[in-house]
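# Structural features, examined
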There are 2 protein chains.
Amino acid sequence: MPDHVTINGVRYRWPQRPVVVVCIDGGDPAYLERYLADGAIPNIRRFIEEGFATVAIGSMPSFTCPNNISIITGTPTARHGISGNFYLDTATWEPVAMTGPELLRGDTILAGFADAGAKVVSITAKDKLRRQLGKGLDVGKGHVSFSSEFADRCTLEENGIENLLDYVGMPQPDMYSVELSLFVLEAGIRLLKDRRPDVMYLSLTDFVQHKWSPEEKEACEFYKRLDDVFGRLVQEDITLGLIADHGMSDKSDAAGEPNVIWLQDILDATFGAGETTVICPITDAFVAHHGALGSFVRIWSKGNVSVQAIINRIAAVHGVDLALDKETACRLFDLPEDREADVVAISRKEMCIGSSARQHDLSGLKGHRLRTHGSIEETRVPLILNRPLNADYRQRAACSLIRSYQIFDFAINGTL
Amino acid sequence: MPDHVTINGVRYRWPQRPVVVVCIDGGDPAYLERYLADGAIPNIRRFIEEGFATVAIGSMPSFTCPNNISIITGTPTARHGISGNFYLDTATWEPVAMTGPELLRGDTILAGFADAGAKVVSITAKDKLRRQLGKGLDVGKGHVSFSSEFADRCTLEENGIENLLDYVGMPQPDMYSVELSLFVLEAGIRLLKDRRPDVMYLSLTDFVQHKWSPEEKEACEFYKRLDDVFGRLVQEDITLGLIADHGMSDKSDAAGEPNVIWLQDILDATFGAGETTVICPITDAFVAHHGALGSFVRIWSKGNVSVQAIINRIAAVHGVDLALDKETACRLFDLPEDREADVVAISRKEMCIGSSARQHDLSGLKGHRLRTHGSIEETRVPLILNRPLNADYRQRAACSLIRSYQIFDFAINGTL
């Protein structure tokens, strides 16, 4: 085995023991705060006491794809290029999905270690993410990469493992369920025991956090189950890193109605239909729990309306935090210019921004309050390690804010 | 002695041993990073290894007064009201200095502890800050509050101590000198040995950081001397907290010329003289090393020019990061609305914003590169404790970004 491997400019030492990073999708610090106070998560509490814990800064927009890709490449969004689920191709004026591996720039940490001879495992809840995280990973060589969403259709050729439901001992989980995340973790433990991979990434789904606040018992129950699995994971002599892709905030009013800015409707009323296009980059196949509503949207002009006019109109909308031109947005939030809109709009924490009211299906909320993400506040996520930092990384923590995309760096290079 | 004291809504336990907080004015993380790597600051290195260290978020604007007041009150700027050195009184259209104690809202931690029966000491480099920090502190009752700037004129009545030069054994330091800060620290050690106060605040000056980058030997020499004093301080069985009011960045171009946006000149050219007033809230009596240039300014309109027109003009200026209306600026940066301008302009890290070129005297730079602060980047400061966090505060650090104004809270309540 080599002494180290360099991936996207970061040098990683060869892991002395398996390194397992769990991305708690939507794992807002508020959940931890509540359940630590309740005593409901004793294993996480022990990691905080004996290991290392801080709040790390995630990538903007505070959505799942950009942050998972930041974490798995160890790079900011400007470098890996996946700045959301969609951007607009101005040649065709069609939205382009960014969730395929072909738009990802640079290598994943998984592929880098695999190429150097390590055994790697990647398990996600959602399959769209599985494909992106699997970029450059040759599962035929013994590596494993699958999603719990499609656990029942895994093949050796595509996923490096088969008969998964029997192997894990759980039925195929529903797309919107607690089990979709728990399956990821139980499969991880099983593979850890059987194959002892060097590097493992386990990425969950934020179904629970979209649906339930920290005060609701369903969320607490989920965190208790997570905590239980984390306790069993660290019994396998591993370095465990916990991170989140983004936080989660209540974006409803006192009556329980979503606080939505229907931005396409506003812009159409001001500039005429067809002059601007609002893209909600949170949009994907799993929108029942948030109706494709987040706190960050992109706006392109067909060319007749100036960027400044669009910015002025958006800035005047109640609940908007920032309306920025492409250059400023890319500089402030480290976004890739070639996939950025003419204008970026970010709402306040308690608000979200949609396109046209008629384009969003909110029936999936089923009476729940809208909880979602995308704003600056939701870039703040817990970063927890079960082992203490070494002297070098303690010094780093004193000199720089820690980014969530440094979790593998800290877990692999930074722990005792 | 009481079991605890509550100040501005924060409950502080009674200190078991003296708590000494040092504010390293302009103590950018870059200095630490460099000297830790060099092995030049072994005591600070030991605190980081054995105690606690992180990067904390300071108050905007990243200037001395707002942050010292945040630190000494334990509150954000919106609450204590000191949002810079100056604001504009729109009744008289005259700049109002905010550096007196009368505009400070709430109590200082020093006064709160003194009222509860603790012995407190406050020593600053600059006298303007001494007066503000001394709000509500009755030095006649044995408390000490003085500035090294006026060390030679201290009286028992005004400062709680006299004959200071003899007492400390140092000559009166020059207004622009390394010794102005070192005098503060040496006086602190002497008072700690003689009087063992319960709470001590030592606030330095950023003369060195304005003048020299981390790469220059003068800055390294200063940090070595600081490190030496810190080592002697902790020999007195104290809890030591190190914090900074703001960072410091090079804001000059490749030729060594300051990167200045002369905003009043730009606005006058656009809207006519007298229509807008730009206030540089970094302005004070000590401007030789920065020429009253920072990265945050305030703009008021006489009433003929709209806020939106001003914002649009400023946003179009190269090097401006954000141009915000009052409401947005106050919401994003927790500023007091009644002292905020119609428009706030913040430059990029590598730039600064002045008023009119003729109103700034840059002769004090004497060929040095301009190094100054005020931007968002310079809110990031090191927070270091010589003792480890207790379990409760380790959990807090996992759930919230730490603000620099929490240094007393963490030092008093959060350490083992």
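This one's a predicted model, so the numbers in the text were calculated from it and none came from an experiment. (Residues numbered from 1 in each chain as written. Chains lettered and ligands numbered in written order. Predicted model: local features only at pLDDT ≥ 70, side-chain atom pairs only at ≥ 80, totals over all residues. Heavy atoms only, no water.)

Residues and elements named next belong to chain A. Taken as a whole, chain A is organised into domain 1 (4-86 + 99-248 + 376-413) and domain 2 (260-372). The C-alpha centroid of domain 2 is placed 28 Å from the C-alpha centroid of domain 1. On the side of domain 2, 28 residues touch domain 1, which itself brings 34 residues to the contact. Carbon and sulfur atoms supply 58% of the area that domain 1 and domain 2 bury against each other, a total of about 2800 Å² over both sides. Looking only at domain 1, the three residues that lose the most surface to domain 2 are Phe63, Phe86 and His210, adding up to 23% of its buried area. Counting across the domain 1 and domain 2 interface gives 1 salt bridge. With its nearest N and O atoms 2.3 Å apart, the salt bridge here joins Asp338 to Arg105. The interface formed by domain 1 and domain 2 contains 13 residue pairs in polar contact (both at pLDDT 80 or more). Going through the elements one at a time, helix H4 (77-80) and helix H10 (207-211) are the ones with two or more residues in the side of domain 1 that touches domain 2. (Domains from an automatic or database assignment. Contact = heavy atoms within 4.5 Å. Buried area = accessible area lost by both parts, 1.4 Å probe. Salt bridge = Lys/Arg side-chain N within 4 Å of Asp/Glu carboxyl O. Polar contact = N/O pair within 3.5 Å; in protein donor to acceptor, adjacent residues only side chain to side chain. Helix = DSSP H or I, 4+ residues; strand = E, 2+ residues; numbered from the N terminus.)

Moving on: the layout of surface pockets. Taken as a whole, the second largest pocket spans an internal volume of roughly 640 Å³. Those elements that provide at least two residues to the lining of the second largest pocket are helix H13 (307-315), strand E15 (320-325) and helix H14 (326-333) of chain A together with helix H13 (307-315), strand E15 (320-325) and helix H14 (326-333) of chain B. Of the residues in the lining of the second largest pocket, the class split is 16 nonpolar, 10 polar and 10 charged. (1 Å grid on protein atoms, 1.4 Å probe; cavity = no way out; pocket = protein on both sides within 12 Å on 5 of 7 lines; lining within 4 Å. Points joined across faces, edges and corners; volume = space filled by probe spheres on them. Nonpolar A, V, L, I, M, F, W, Y, C, P; charged D, E, K, R; others polar.)

What follows covers the sheet that holds strand E4 (residues 52-57) of chain A. Residue and element names in this part refer to chain A. Spatial strand order, E4-E19-E10-E3-E9-E7-E8: 7 strands in an open sheet with mixed pairing. Sheet topology places E4 and strand E8 (144-147) at the edges, where each strand pairs with a single neighbour. Strand-to-strand, the axes of this sheet are offset by a mean angle of 10°, without reference to chain direction. Taken together, the 4 bridges between strand E7 (residues 120-124) and E8 define a ladder with parallel strand orientation. Bridging across to E8, Thr124 finds its partner in Ser147. (Pairing = 2+ DSSP bridges. Axes fitted to C-alpha atoms, helices over the stretch in contact; angles between N-to-C directions.)

Looking now at the interface of chain B and chain A. Accessible area lost during the coming together of the parts is what is often quoted as the interface size. The partner chain A presents 36 residues to the 36 residues of chain B that form the contact. Of the roughly 3000 Å² buried where chain B meets chain A, counting both sides, 53% is carbon and sulfur surface. Run the count over chain B and chain A and you get 4 salt bridges. A salt bridge links Asp321 of chain A to Arg331 of chain B; the nearest nitrogen and oxygen atoms lie 2.6 Å apart. Linking chain B with chain A are 16 residue pairs in polar contact (both at pLDDT 80 or more), by the criterion used here.

The subject of this paragraph is the relation of the copies chain B and chain A. Between chain B and chain A, the superposition needs a rotation of 180° and an axial shift of 0.0 Å, giving an RMSD of 0.0 Å. Here the two chains are linked by the operation of a two-fold rotation axis. Of all interface residues in chain B, 100% are interface residues in chain A too; the two copies therefore contact each other through one and the same surface. (Least-squares fit on C-alpha atoms with pLDDT ≥ 70 in both.)

One pass over the structure, following the stated rule, counts 24 aromatic pairs over all chains. A centroid spacing of 6.5 Å and a plane angle of 15° characterise the contact between Phe52 of chain A and Phe410 of chain A, whose relative ring orientation is stacked. Note that Phe52 of chain A is positioned in strand E4 and Phe410 of chain A in helix H16 (residues 407-413), a separation of 358 residues in sequence. Taken individually, Phe52 of chain A and Phe410 of chain A each receive the classification buried, so the pair is uniform in this respect. Ring centres of Phe207 of chain B and Trp212 of chain B lie 5.9 Å apart, and the angle between their planes is 80°; this geometry places the pair in the edge-to-face category. When its relative accessible area of 8% is taken as the criterion, Phe207 of chain B is described as buried. With relative accessibility at 12%, the residue Trp212 of chain B sits in the buried group. Among the aromatic side chains, those forming a connected cluster through ring pairs are Tyr31, Tyr35, Phe222 and Tyr223 of chain A. Sitting above the plane of the Phe150 of chain B ring, Arg153 of chain B keeps its charged end 3.8 Å from the centroid. Directly above the aromatic system of Tyr393 of chain B lies the positively charged group of Arg396 of chain B, at a separation of 4.2 Å from the ring centroid. (Phe/Tyr/Trp six-rings, centres within 6.5 Å; stacked < 30°, edge-to-face > 60°. Buried < 20%, exposed > 50% of the residue type's maximum accessible area, 1.4 Å probe, protein only. Lys NZ or Arg CZ within 6 Å of the ring centre and 35° of its normal.)

All names here are of chain A. Throughout the structure, instances matching the rule amount to 50 salt bridges over all chains. When the shortest N-O distance is used, the salt bridge between Glu215 and Arg34 registers 3.7 Å. You can see Glu215 sitting in the loop between H10 and helix H11 (217-234) and its partner Arg34 sitting in helix H1 (residues 29-38), a full 181 residues away along the chain. Classification of Glu215 by relative accessible area gives exposed; the value is 53%. For Arg34, a relative accessible area of 34% corresponds to the partly exposed category.

Under the definition given, this model contains 0 disulfides over all chains. No disulfide involves Cys399 of chain A; its sulfur sits 14 Å from the nearest other cysteine sulfur, which is in Cys220 of chain B. Classification of Cys399 of chain A by relative accessible area gives buried; the value is 8%. (Disulfide = S-S within 2.5 Å.)

Residue and element names in this part refer to chain B. Tracing the sequence through the fold places Asp206 in the loop between strand E9 (199-203) and helix H10 (207-211). Despite being buried, Asp206 has no salt bridge partner; Lys126 is the closest side chain of opposite charge, sitting 4.1 Å away. Beyond its immediate chain neighbours, meaning those up to four positions away, Asp206 contacts Asp25, Gly26, Thr64, Lys126, His246, Met248, His289 and His373. (Lys, Arg positive; Asp, Glu negative; His and termini not counted.)

Here we take up the packing of helix H15 (residues 391-399) of chain A against helix H1 (residues 29-38) of chain B. Orientation of H15 of chain A relative to H1 of chain B, taken along the N-to-C sense of each, is 160°, at an axis distance of 9 Å. Comparing the axis directions of H15 of chain A and H1 of chain B gives the class roughly antiparallel. Taken as a pair, H15 of chain A and H1 of chain B cross one another with a handedness that is left-handed. For the pair formed by H15 of chain A and H1 of chain B, the contact residues are Gln395, Ala398 and Cys399 of chain A on the first element and Pro29, Leu32, Glu33 and Leu36 of chain B on the second. (Parallel < 35°, antiparallel > 145°, perpendicular 65-115°, else oblique. Left-handed = near helix turned anticlockwise from the far one by under 90°.)

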